[in-house]
Number of protein chains: 6
Amino acid sequence: MSAVRIQVINPNTDPGMTETIGAAARAAAAPGSEILAVCPAEGVPSIEGHFDEAVAAIGVLEQVRAGREQGVDGHVIACFGDPGLLAARELAQAPVIGIAEAAMHMATLVATRFSIVTTLPRTLIIARHLLRQYGFSEHCAALHAIDLPVLALEDGSGRAQQMVRERCIQAMRQDGSGAIVLGCGGMASLARELTQELRIPVIDGVGAAVKMVESLAALGLSTSKHGDLAWPERKALSGKFQSLYPC
Amino acid sequence: MSAVRIQVINPNTDPGMTETIGAAARAAAAPGSEILAVCPAEGVPSIEGHFDEAVAAIGVLEQVRAGREQGVDGHVIACFGDPGLLAARELAQAPVIGIAEAAMHMATLVATRFSIVTTLPRTLIIARHLLRQYGFSEHCAALHAIDLPVLALEDGSGRAQQMVRERCIQAMRQDGSGAIVLGCGGMASLARELTQELRIPVIDGVGAAVKMVESLAALGLSTSKHGDLAWPERKALSGKFQSLYPC
Amino acid sequence: MSAVRIQVINPNTDPGMTETIGAAARAAAAPGSEILAVCPAEGVPSIEGHFDEAVAAIGVLEQVRAGREQGVDGHVIACFGDPGLLAARELAQAPVIGIAEAAMHMATLVATRFSIVTTLPRTLIIARHLLRQYGFSEHCAALHAIDLPVLALEDGSGRAQQMVRERCIQAMRQDGSGAIVLGCGGMASLARELTQELRIPVIDGVGAAVKMVESLAALGLSTSKHGDLAWPERKALSGKFQSLYPC
Amino acid sequence: MSAVRIQVINPNTDPGMTETIGAAARAAAAPGSEILAVCPAEGVPSIEGHFDEAVAAIGVLEQVRAGREQGVDGHVIACFGDPGLLAARELAQAPVIGIAEAAMHMATLVATRFSIVTTLPRTLIIARHLLRQYGFSEHCAALHAIDLPVLALEDGSGRAQQMVRERCIQAMRQDGSGAIVLGCGGMASLARELTQELRIPVIDGVGAAVKMVESLAALGLSTSKHGDLAWPERKALSGKFQSLYPC
Amino acid sequence: MSAVRIQVINPNTDPGMTETIGAAARAAAAPGSEILAVCPAEGVPSIEGHFDEAVAAIGVLEQVRAGREQGVDGHVIACFGDPGLLAARELAQAPVIGIAEAAMHMATLVATRFSIVTTLPRTLIIARHLLRQYGFSEHCAALHAIDLPVLALEDGSGRAQQMVRERCIQAMRQDGSGAIVLGCGGMASLARELTQELRIPVIDGVGAAVKMVESLAALGLSTSKHGDLAWPERKALSGKFQSLYPC
Amino acid sequence: MSAVRIQVINPNTDPGMTETIGAAARAAAAPGSEILAVCPAEGVPSIEGHFDEAVAAIGVLEQVRAGREQGVDGHVIACFGDPGLLAARELAQAPVIGIAEAAMHMATLVATRFSIVTTLPRTLIIARHLLRQYGFSEHCAALHAIDLPVLALEDGSGRAQQMVRERCIQAMRQDGSGAIVLGCGGMASLARELTQELRIPVIDGVGAAVKMVESLAALGLSTSKHGDLAWPERKALSGKFQSLYPC
């Protein structure tokens, strides 16, 4: 198996978080894998709702298209709402994996039920919708929000990280869950440490998604272009969306 | 009750379809209601997949923001995939209604089960996801696609319209459904005629959504800004998305 | 569009509640609509369980049949359990809307999740069954009962109304819901005031159902007589049910 | 265990079907059990839709109340739609079992999936709703209707019986089911014979319900009066419903 | 109806619990029924997890095979996880009933919702999976564990029994359930007493399963050998499993 | 990351199939991974039903225990019914992955819906139950059986392989699926070839499970011993099960 090049897309425009995510991806990647950590040139500095996601999805698609031209072997969408996932799968033939998706899948492999710990309460509705879409509503015992914005994870104080840790402990004690899913790309660096401290699987989606891309590549599996995820219909995109053409 | 101004957004950039949709909206509107039929300046000429929807969602949000500034009393998203619906609800306080949503709701009020007739088979997955999201998976007996692109409805030949009609008849005979939902904004003008010919409710979402906006307005109900659909978090949008700021 | 005549049926025999309901219906009705508020001549004075509902359903059917003879354009069943709804749809060609149904539908249009506030705890099982039947189980965050009988809303003391208000506030704070559905026709007059005070949508089904009937009428849609909701089979009804013949 | 008296209520007013049902009940009853086969004095001669069910529910309640006064040990509602089931459970302390419920439960004990064979297609929607209410939607592989009215089973020609038999054979071959549920009280006499001929369980709900009543009685279990199924609230019933008072 | 011989299999190897279960079965059995209470010669002394269940399933199958040779009329698997149920149904033509299954079915006949009270918290996941498999997830209001091992029920101190009683009372007050299901074969002797003290149905699966076997036998129904539960494919079993051959 | 040792357990006793599975595992494994392909010494030669699965589960547990003593980094259960999966997870701390589980998860990452192609029709019920347990019932468009026994894949004639291929083509054309899951460990060698010929992802669970074990190992994640999957309770296993002690 030759080297695998994986594009890890931070859907927001924050460079610090792009670095955090890139580092987590590299820590998880196999020796032969190359990680290309990118973020959109234009968009939202953090993603905390449906509006932010809709904007971020365009940046994700631009990056997927660029990655496709660079011939990457897979794409990771590194925001816990998996913004633009199905659209990106239409635009790519290489595998596209969202980090919420990856973390939730992995959690069901090591525990019968898991809890989610995320940032703002308003993002929980997005996680709930993803659970339903992926089939895991009954595998999730509880969802928790620390009630701090995403970028608090990047303020250097460690306060948000401490709150994540405390909420993980609380979840472990109260929810009857066997594993915890971290609900934000910006929490990626906490997973290994918390897994060791709490002695239960604490799962970061960035690393999980990297492994899933590597796995699919090794198995010779790529996004199905038969049916629901076929290439976008050929049509002229106007104005600021021309950069996405030809799709 | 004073006059109600309703912005009807065709999420694609096709002027002909915007007219078709606007006419259907006006035909359904109450005497006092004013219909503002608009479409994005930039985007995709038709919407036939997840990629198209992601692009169209930005145009929808731009229009919602513009409509908000004009003080409209409600917004209709007139594409059967309801692109950008929850994002638009964050951005608006006035009601925002998708035409798939509206048609599906109405169908459950006049029949125990309904069928959907739409354009390309690849769009059926979007309808399926909406059925699940809205709670109507068990109310939908079957989904049908005529296998023609959306813009075939605008080619003036009447061929697509004839195929819609035939598929509706087939659905009525085979599915055990009591009503049919037309799965494209471009089919809006067919509903009344088919309802009369087939003698079962054939439902167009454009008209249905207009009535729902009028209804909510009359009841003094608007999009909840408490919790999941609160205003977007304040943050700087960069580049081509600046037109959406302040959100 | 010509004037719309809507029969609003209070399924219990309490004249005071019929008035409350009628007033709420008129407050919601469009200028051209006429409201005929009626209640059965015989039946139960309030509806607080399955037994009461079974009795009330006969009164509903008698009224629907009478309304049909008067050529009304639609029927509203103004009890939160929607007693006799599908039977009434068999008996009518004009639309028939239940107030639980109407309120729940409306709630999903303005919020991702809603709470219900009703009277006696024993009626919650009926609401739960309706949520499942209509497809909204996952859209309802919580159900609350003030533990007072229905007619406490008519005792003039305002105590029940105060308890409804307090429970709405509690629900808004605890449930993570964006909207509240009032679970009794007798609460209809509280919706607008609570919507303004709490600044979230507080939804009364009576008004909601009136708007849905008006909407369906305007769209030319009536109850499907094809299949599941076809006219009742012709057969002789005996004894006290003869008044329902010919159905 | 002393003798058990079981009231078997045919919810329609047809004496022939009451006899058929009574005979099936007696054939299934334990040596010590006594079967009281009754039908309402007033109502519908056959039950083939929601309207018929609503009317029949009153007759069921009248009979349950009468049976209660006679001190019976349990009640069977012998129509496949289980009309008035939860209302009857409020009105009774002795167990109340519907024949659709009983047959469906039994079917899941001897096969992973079952098929239903019933009379008119319009009654299938009622069976579907019951499957969902009882939790068996995923246990039912298919529903079939012979498209003859209920009373065709009583016309003495044997034609309906022959069509039931043919449809059972077809279901066994095509559906992948291990058992068949007969969807009408009037088919009760066919079950044993078809079970032997087809060599798969063909289940009649009348016999099944009788056994369930006997079972609950032997276990000392009766309808819970705690909570959802508590006695009806005390209130004056007016007019033709006075016969149900005191409930 | 001739005498019915029912094999009641305690899947663990504890003789005391086999006696408890046998006594409960005899107390529930009809006058003509004979109870053969057995347990495997080899296996686990108590069953408190998936591993224990996998081991116990072999003992269950050995007993079913032995019972089949003795010509019993039905088999009961008397452990609340129903270990080996579908495998046993393949191996038997007589009915096979699990006690969790039996108790859950019975509970839905006398209440709209039930609670479960069991032993160790780790067994709750098994009960949850069974609820889903049998279709009763929405009928179960809550699950409770007293956090004592199964064999504490056999230590003669009565402490576990007292904790079961307290938890039943708590469940009745808090869960909104109308009935309680006892979640362990070792609790079988408590059901009648608690039913009388608490005045709600408290259901033991051993008695319930015995009645279901008797019912199926009386109705002439046995496990379907058509399709999913057909006899095991003929094949050589090696080593310690030879005792199961011919299957 | 050091070398990963993965125990791949063929739950049946067929040496040829153990080889086929071992080869597929090695073809998928990363350069540094070592595959230990094993099968039970005693059990069933092929697995085609619930009975076979119950027997095979013991062999799986014996192998897991042996693998644990050898310090393997993960275990694969290479039969499409995933026999003994949760029991094995109790017995292991290293990850345990079933091949049905692995293939289904992978399929949802590259397509919105998948089809399953397996051997005997009677095994479909097992696949259906797994789909529900894993959350993928709505992601599976259709299930197909070629109606040949498992060992026909090992008879050297290629006939079974040809039938698998034909059924895959049929599924691709009719089901609207984007991917196909091969429903038997014995089909493992067909996946790559069919993926290339059909140009849609055709997924073998053996390779997929190997990648998942490697992924979890790389992420430092192992089976949660907190809660539902904790080590089996310490207790004496008797007779032929002593080999499993201490568990």
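Computed from a predicted model, the values in this text were never measured in an experiment.

**Q** What should I look at first to understand the overall build of chain A in this one?
**A** In terms of regular secondary structure, chain A is built from 8 helices and 8 strands. In terms of C-alpha radius of gyration, chain A reaches 17 Å, essentially the compact-globule figure of 18 Å for 247 residues. Its C-alpha atoms give chain A principal-axis dimensions of about 55 × 40 × 30 Å. A burial count over chain A gives 70% of its 247 residues as buried. Summarising the internal contacts of chain A: among those between residues at least 6 apart in sequence, 69% fall at separations of at least 24. Within the structure as shown, chain A displays about 7500 Å² of accessible surface, and the carbon and sulfur contribution to it stands at 48%.

**Q** Would you mind going over the pairing of strand 3 (residues 74-77) of chain C with me for this structure?
**A** When a strand is regular, its side chains alternate between the sheet's two faces. Residues and elements named next belong to chain C. Because side chains alternate across strand 3, one face comprises the buried residues Gly-74 and Val-76, and the other comprises His-75 and Ile-77, equally buried. Two elements, strand 1 (residues 4-9) and strand 3, share 4 bridges in a ladder whose sense is parallel. Bridge pairing in strand 3 places Ile-9 opposite Ile-77. The pairing of strand 3 with strand 4 (residues 96-98) spans 3 bridges and is classified as parallel. Directly across from Ile-77, in strand 4, lies its bridge partner Gly-98. Remark: the strand 3/helix 3 (residues 85-91)/strand 4 crossover connection has right-handed handedness.

**Q** Whenever I open this one, the sheet that holds strand 4 (residues 96-98) of chain D confuses me. Can you help?
**A** To summarise the sheet geometry, strands pair through backbone hydrogen bonds and adopt either a parallel or an antiparallel arrangement. Residue and element names in this part refer to chain D. The strand order 2-1-3-4 describes an open sheet built from 4 strands, whose pairing is parallel. Single-partner strands in this sheet number two, and they are strand 2 (33-38) and strand 4. Looking at each pair of strands side by side, their axes are set apart by 20° on average, direction ignored. Strand direction decides the pairing type here: strand 1 (residues 4-9) and strand 2, joined by 6 bridges, are parallel. Of the residues in strand 2, the one forming a bridge with Val-8 is Ala-37. Against the sheet, helix 4 (residues 99-110) makes contact with strand 3 (74-77) and strand 4, and its axis sits at roughly 75° relative to strand 4, the strand it touches most.

**Q** Looking at this model, I keep getting lost on the side chain of E:Glu90. Mind explaining?
**A** Note on placement: E:Glu90 falls in helix 3 (residues 85-91). Within polar-contact distance, the side chain of E:Glu90 engages the backbone nitrogen of F:Phe51 at 2.9 Å. The contact partners of E:Glu90, leaving out residues within four places of it in the chain, are E:Lys225, E:Asp228, E:Leu229, E:Ala230, E:Trp231, E:Pro232, F:Gly49, F:His50, F:Phe51 and F:Arg122.

**Q** Could you clarify how one ought to interpret the domain arrangement of chain A in this entry?
**A** The figure often quoted for interface size is the accessible area lost as the parts come together. Residues and elements named next belong to chain A. Each domain of chain A was delimited in the assignment, giving domain 1 (4-98 + 207-219) and domain 2 (100-205). Across the contact, 29 residues belong to domain 1 and 32 residues belong to domain 2. Summed over both partners, the interface of domain 1 with domain 2 comes to about 2200 Å²; 64% of that surface belongs to carbon and sulfur atoms. Considering only the surface of domain 1 that becomes buried against domain 2, Met-17, Glu-48 and Phe-80 emerge as the three largest contributors, covering 34% of it. For the pair domain 1 and domain 2, the number of links is 1 salt bridge. A salt bridge links Glu-101 to Arg-89; the shortest N-O distance between them is 2.9 Å.

**Q** What am I meant to see in the interface of chain B and chain A here?
**A** Contacts between the two partners involve 44 residues from chain B and, on the opposite side, 44 residues from chain A. Counting the surface lost from both chain B and chain A, the interface buries some 3700 Å², and carbon and sulfur atoms represent 59% of this. Counting the surface chain B buries against chain A, the share from its top three residues, B:Phe51, B:Arg122 and B:Lys240, is 22%. If you look at where chain B meets chain A, you find 12 salt bridges. Here A:Arg122 ties to B:Glu90 by a salt bridge, and the two come within 3.4 Å at their closest N and O atoms. The interface formed by chain B and chain A includes 24 residue pairs in polar contact (both at pLDDT 80 or more).

**Q** Looking at this model, I keep getting lost on the sheet that holds strand 7 (residues 179-182) of chain A. Mind explaining?
**A** Residues and elements named next belong to chain A. If you trace the 4 strands from one edge of the open sheet to the other, you get 6-5-7-8, paired in parallel fashion. The sheet is open, and its two borders are formed by strand 6 (140-145) and strand 8 (202-203), each paired with just one other strand. Two strands pair when backbone bridges link them, and strand 5 (residues 114-118) and strand 7 are joined in this way by 4 bridges, in the parallel orientation. Within the sheet, the bridge partner assigned to Ser-115 lies in strand 7 and is Ile-180. On top of the sheet, helix 5 (residues 124-134) reaches strand 5 and strand 6; it is set at about 160° to strand 6, its chief contact. Sitting on the sheet, helix 6 (residues 159-174) touches strand 5, strand 6 and strand 7, and the angle it makes with strand 7 is about 150°.

**Q** What should I look at first to understand the relation of the copies chain B and chain A in this one?
**A** Two chain copies, one operation linking them: a rotation about an axis together with a shift along it. Least-squares fitting of chain B to chain A yields an RMSD of 0.0 Å, with the transformation described by 0.0 Å of translation along the axis and a rotation of 180°. Within this description, the copies of the chain are treated as partners about a two-fold rotation axis. Take the interface residues of chain B: 100% of them recur as interface residues in chain A, which is what a same-surface contact looks like.

**Q** So what exactly am I meant to see when it comes to the confidence of the model for chain A here?
**A** Any segment with low pLDDT has predicted coordinates that should not be analysed in fine detail. Across chain A, the average pLDDT comes to 96, with 99% of residues at or above 70. Across the assembled chains, the prediction reports ipTM 0.97 with pTM 0.97.

**Q** I'm lost on helix 7 (residues 191-198) of chain D in this one. Help?
**A** Every α-helical turn comprises 3.6 residues, leaving residues that sit three or four positions apart pointing alike. Residue and element names in this part refer to chain D. Every buried residue belonging to helix 7 is among Ala-191, Leu-194, Thr-195 and Leu-198, and all of these are buried. In a view along the axis of helix 7, the buried residues occupy a sector of 105°, so they form one face of it. Pointing more than 90 degrees away from the buried face of helix 7 are the exposed residues Glu-193 and Gln-196. Just beyond helix 7, the residue with positive phi is Arg-199, at close to 60°.

**Q** Please clarify how the environment of A:Ala179 should be interpreted in this entry.
**A** All names here are of chain A. You can see Ala-179 is positioned in strand 7. With relative accessibility at 0%, the residue Ala-179 sits in the buried group. Sequence-wise, Ala-179 and Ala-107 are 72 residues apart; in three dimensions their C-alpha atoms are separated by 6.3 Å.

**Q** Help me understand the packing of helix 4 (residues 99-110) of chain C against helix 8 (residues 205-219) of chain C in this model?
**A** Axis angle and axis distance: for two packed helices, these are the angle between their axes and the distance between the axes, and together they describe the pair. Residues and elements named next belong to chain C. Relative to each other, helix 4 and helix 8 sit at 85°, their axes nearing to 7 Å. Between helix 4 and helix 8, the crossing angle belongs to the class labelled roughly perpendicular. Only Gly-205, Val-206, Ala-208, Ala-209, Lys-211 and Met-212 of helix 8 make contact with helix 4, whose side of the interface consists of Ile-99, Ala-102, Ala-103, His-105 and Met-106. Grouping the amino acids of the contact of helix 4 with helix 8 by side-chain chemistry returns 8 nonpolar, 2 polar and 1 charged.

**Q** Before we go on, may I ask you to explain the pattern of salt bridges in this structure?
**A** In a structure, side chains of opposite charge can pair up when their charged atoms sit close to one another. For the coordinates displayed, the defined rule picks out 78 salt bridges over all chains. With its nearest N and O atoms 2.9 Å apart, the salt bridge here joins E:Glu233 to F:Arg122. Taken together, the residues span two chains, with E:Glu233 in the segment after helix 8 (205-219) and F:Arg122 in the loop between strand 5 (114-118) and helix 5 (124-134). The class for F:Arg122 is buried, based on a relative accessible area of 8%. Through salt bridges with shared partners, a single ionic network connects A:Glu42, A:Glu62 and B:Lys240.

**Q** Looking at this structure, I do not really get the side chain of F:Arg65. What am I missing?
**A** Looking at the element boundaries, F:Arg65 is found in helix 2 (residues 50-69). Filtering out sequence-adjacent residues up to four positions away, F:Arg65 remains in contact with F:Leu91, F:Ser243, F:Leu244, F:Tyr245 and F:Pro246.

**Q** Just to check I follow, could you spell out the environment of C:Ala171 for this structure?
**A** Residue and element names in this part refer to chain C. With respect to the helices and strands, Ala-171 occurs in helix 6 (residues 159-174). Sequence separation of Ala-171 and Ile-116 is 55 residues, and the distance between their C-alpha atoms is 8.4 Å. Those residues in contact with Ala-171 that sit more than four places away from it in its chain are Ser-115, His-144, Gly-176 and Ile-180.

**Q** Even after reading the chapter, I still don't get the pairing of strand 6 of chain A, so can you show me in this structure?
**A** All names here are of chain A. Note that strand 5 and strand 6 share 5 bridges and pair parallel. Across the sheet, Thr-118 pairs through a bridge with Ala-145, a residue of strand 6. The handedness of the strand 5 to strand 6 crossover, carried by helix 5, is right-handed.

**Q** Would you take a moment to explain the arrangement of the chains for this structure?
**A** Structurally, chain B and chain E remain out of contact, their C-alpha atoms never closer than 16 Å. Across the gap from chain C to chain F, with no contact made, the nearest C-alpha atoms are 16 Å apart.

Rules used in this analysis
Residues numbered from 1 in each chain as written. Chains lettered and ligands numbered in written order. Predicted model: local features only at pLDDT ≥ 70, side-chain atom pairs only at ≥ 80, totals over all residues. Heavy atoms only, no water. Helix = DSSP H or I, 4+ residues; strand = E, 2+ residues; numbered from the N terminus. Rg over C-alpha atoms; globule rule 2.2 N^0.38 Å. Buried < 20%, exposed > 50% of the residue type's maximum accessible area, 1.4 Å probe, protein only. Contact = heavy atoms within 4.5 Å. Areas by Shrake-Rupley, 256 points an atom, 1.4 Å probe, with all protein chains shown as cover. Pairing = 2+ DSSP bridges. Right-handed = clockwise from strand over helix to strand, strands pointing away. Axes fitted to C-alpha atoms, helices over the stretch in contact; angles between N-to-C directions. Polar contact = N/O pair within 3.5 Å; in protein donor to acceptor, adjacent residues only side chain to side chain. Domains from an automatic or database assignment. Buried area = accessible area lost by both parts, 1.4 Å probe. Salt bridge = Lys/Arg side-chain N within 4 Å of Asp/Glu carboxyl O. Least-squares fit on C-alpha atoms with pLDDT ≥ 70 in both. pLDDT = per-residue confidence, 0-100. Arc of directions from axis to C-beta. Parallel < 35°, antiparallel > 145°, perpendicular 65-115°, else oblique. Nonpolar A, V, L, I, M, F, W, Y, C, P; charged D, E, K, R; others polar.

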